[in-house]
Amino acid sequence: MKFEEMRKIWNEQDQQHEYKIDSKQLYEHIQHKKNKASLFVSKMEWILIGANVIAGGSLLVMNLMERAAEKYPIVVGLAMLAAAIYIYTRRLYRLKHENRFDRTMLGDLDHAISNATYRARLSYGMLIYFVFIALLVIGNAFYVEKSLWKLILIADFFAIALFLGRWEYKSWHLADKQRLKAMREKLVEQV
């Protein structure tokens, strides 16, 4: 090999950028993401359980204390209590299966992705549940012959809440899940 050819190879090597990954800092970042996802999903579960128990229990108690019990509020109250029980059982199942992940960088990232997936599914399920509750409340308002403007206000409230719920689902829960999956793909790509 001639000296000029070697100089050309050296010049090309000098122009290449070398990237180094600080594995300790990356692992700490992944640990932070995993802990944040676990804490957020836990808070989300307890808030949903508490809200459904309080609202459903209050509806049932108030409606059963009246002499003329209405069927729609009883169905709504029972649906809320059933939702709280369902969320609690899903929480127990999630917690039981949290220890199946390796305590490695990739295992912790998989754990964070699993929690983000669970959170996205829970959010989507609550949107479907919300539509069911909205239909029952609007049906009750129609049944007790509320005025047209009150029906429109109730329907508008539920429509706005549903719109905001979909926005939260797409921009928070799905987006976070996609970011974690992209991080995993990049990490696996590097190996």
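Residues numbered from 1 in each chain as written. Predicted model: local features only at pLDDT ≥ 70, side-chain atom pairs only at ≥ 80, totals over all residues. Heavy atoms only, no water.

Draft legend 1. Region of the structure containing the overall build of the protein. Scanning the protein for helices and strands turns up five helices and zero strands. Beginning at the N terminus, the succession of helices and strands in the protein can be written as α-α-α-α-α. Each of the 191 residues in the protein was classed as buried or not, and the buried ones make up 31%. Considering only contacts in the protein between residues 6 or more positions apart, those separated by 24 or more positions represent 78%. (Helix = DSSP H or I, 4+ residues; strand = E, 2+ residues; numbered from the N terminus. Buried < 20%, exposed > 50% of the residue type's maximum accessible area, 1.4 Å probe, protein only. Contact = heavy atoms within 4.5 Å.)

Draft legend 2. Seen up close, the packing of helix α2 (residues 23-65) against helix α4 (residues 105-143). Their axes nearest at 9 Å, the elements α2 and α4 cross at an angle of 25 degrees. Between α2 and α4, the interaxial angle falls into the category roughly parallel. Note that α2 runs across α4; the crossing there is left-handed. (Axes fitted to C-alpha atoms, helices over the stretch in contact; angles between N-to-C directions. Parallel < 35°, antiparallel > 145°, perpendicular 65-115°, else oblique. Left-handed = near helix turned anticlockwise from the far one by under 90°.)

Draft legend 3. Layout of the pattern of salt bridges. Here the structure, examined in full by the defined rule, presents eight salt bridges. Glu 98 serves as the salt-bridge partner of Arg 94, at 2.9 Å between the closest nitrogen and oxygen. Residue Glu 98 is classed as buried on the basis of its relative accessible area of 16%. One connected set of salt bridges, linked through shared partners, spans Glu 45, Arg 91, Arg 94 and Glu 98. (Salt bridge = Lys/Arg side-chain N within 4 Å of Asp/Glu carboxyl O.)

Draft legend 4. Focus on the nonpolar core. Core analysis: the biggest nonpolar cluster contains 16 residues, and Leu 48, Ile 87, Leu 122, Tyr 129 and Ile 133 have the highest contact counts within it. Looking at this core, the elements with two or more residues in it are α2, α3 (71-96) and α4. Among the nonpolar cores identified, the runner-up in size contains eight residues, and Ile 30, Ile 113, Leu 180 and Leu 187 belong to it. (Core = buried A, V, L, I, M, F, W, Y, C linked by side-chain atoms within 4.5 Å.)

Draft legend 5. Seen up close, α4. Between its first and last C-alpha atoms α4 spans 57 Å; for 39 residues at 1.5 Å apiece the expected length is 57 Å, and the two agree. Glu 145 sits one or two positions beyond α4 and adopts a positive phi of about 55 degrees. (Expected span 1.5 Å × (residues − 1).)

Draft legend 6. View of a nonpolar patch on the surface. A cluster of nonpolar side chains, namely Phe 40, Trp 167 and Trp 172, defines an oily patch on the protein surface of about 340 Å² accessible area. With respect to the helices, strands and loops of the structure, Trp 167 is situated in helix α5 (residues 148-190). Given the relative accessible area of 47%, Trp 167 is considered partly exposed. (Patch = residues over 30% accessible without salt bridge, like charges linked within 9 Å, V, L, I, M, F, W, Y side chains within 5 Å. Areas by Shrake-Rupley, 256 points an atom, 1.4 Å probe, with all protein chains shown as cover.)

Draft legend 7. Summary view of the packing of aromatic side chains. Going through the model one piece at a time under the given rule, you end up with six aromatic pairs. Ring centres 5.3 Å apart and planes at 70 degrees place the aromatic pair Phe 157 and Phe 158 in the edge-to-face group. For Phe 157, a relative accessible area of 54% puts it in the exposed group. Phe 158 gets classed as buried once you look at its relative accessible area, which sits at 11%. By the ring-pair criterion, three or more aromatic residues cluster together here, those being Phe 130, Phe 157 and Phe 158. (Phe/Tyr/Trp six-rings, centres within 6.5 Å; stacked < 30°, edge-to-face > 60°.)

Draft legend 8. How the structure looks around the packing of α2 against α3. In contact at an axis separation of 8 Å, α2 and α3 are set at 155 degrees when each is read in the N-to-C sense. Classified by the interaxial angle, the pair formed by α2 and α3 is roughly antiparallel. Classified by chirality, the crossing of α3 by α2 is left-handed. Grouping the amino acids of the contact of α2 with α3 by side-chain chemistry returns 19 nonpolar, six polar and three charged. (Nonpolar A, V, L, I, M, F, W, Y, C, P; charged D, E, K, R; others polar.)

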